[in-house]
Amino acid sequence: MLILCSFWSSEHDCSEDAARGLRQFCGRDVCKATVLAARDCMGKNLMIVTISKEEDQADISLLDYLVFRSLASMEGGDLDRICLPTSCRSFLYLPLDRTVKEHLVKVAYVDTPEQMYVNLVGENHSYIKYMENMMEEMQEEYGRHEADVQKVLFPYVGLVCAAQHVEDGKYHRAQVTELLQEERMMVRVVLVDIGFCQVVHASSLRRIGDKFLVLPAMANRVSLAGDGH
């Protein structure tokens, strides 16, 4: 049942630590090998393949995983060449209804008067109560020692996850918005319920369960009337 294969080709430069990264990526999970070509290697067929595996409904590429961790490099050498999954989970959104003149809201975060974020309160404070209960459950779940097994494999742009607020240390629902070129393993995320953006190390991100995706992202950006308008 053994098949001789390689996922490397001449256009990729492989570091010595890449083999260790490959083992960490695959673990004991079932992966998908896609055959791109075949060539002769000492009288045997060598299959040139790409390797990927599914995590939280997204196909993650082994090569992208290694490049992000500086364990391999691509021709051209930057993170812009990393491919995004063709499908992945996302947050729902609950924008302010423009046909309704007044809304009950709570101010979640203020960057400037021109850029502030509010949460819809909901009928009988239903949205706020749900969010408070969800936040309590998240702190309990991610505060356990075994939360390390929930580490994100690869933080592609658009990934929904849980991230600790850099100021209060609490876990919040988050989405990756950028992989930083200058600082490898660092990513920019937005905390989707308060609108706050921060830069964190990718290893601090945690996978997020579907139960925490039921509530729409609650941060609605607004601008204060009369401030420079």
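Scoring rules and cut-offs
- Residues numbered from 1 in each chain as written.
- Predicted model: local features only at pLDDT ≥ 70, side-chain atom pairs only at ≥ 80, totals over all residues.
- Heavy atoms only, no water.
- Core = buried A, V, L, I, M, F, W, Y, C linked by side-chain atoms within 4.5 Å.
- Buried < 20%, exposed > 50% of the residue type's maximum accessible area, 1.4 Å probe, protein only.
- Helix = DSSP H or I, 4+ residues; strand = E, 2+ residues; numbered from the N terminus.
- Arc of directions from axis to C-beta.
- Pairing = 2+ DSSP bridges.

We now examine the nonpolar core. Counting 35 residues, the largest nonpolar core has Phe25, Phe68, Val176, Val187, Val189 and Leu205 as the members making the most contacts within it. Of all elements in the fold, only α1 (18-26), β4 (44-55), β5 (58-61), α2 (62-68), β9 (160-164), β10 (171-179) and β11 (186-191) reach the threshold of two or more residues within this core. Core analysis: the next-biggest nonpolar cluster, separate from the first, contains 19 residues, Met134, Tyr142, Ile208 and Leu215 among them.

Among the residues of α1, those classed as buried are Ala18, Gly21, Phe25 and Cys26. Take α1 and look down its axis: the buried residues cluster within an arc of 125 degrees, on one side only. Across from the buried face of α1, at angles greater than 90 degrees, the exposed residues are Arg23 and Gln24. Where α1 ends, the next residue or the one after it, Gly27, has phi of about 50 degrees, a positive value.

On to the pairing of β11, then. Most of β11 is tucked away: five of the six residues are buried. Bridge count for β10 against β11 is five bridges, and the pairing is antiparallel. Within the sheet, the bridge partner assigned to Glu178 lies in β11 and is Arg188. Hairpin connection between β10 and β11: a loop of six residues separates the two successive antiparallel strands, and Met185 in this loop has a positive phi of roughly 75 degrees. As defined by bridge partners, β11 adjoins strand β12 (residues 197-201) across five bridges and the pair is classed as antiparallel. Within β12, the residue paired with Val190 across the bridge is Cys197. Once β11 ends, the chain turns through five residues before running back antiparallel as β12, passing Gly195 with a positive phi of about 85 degrees.

Note that all results are geometric; they support no functional claim without further evidence.
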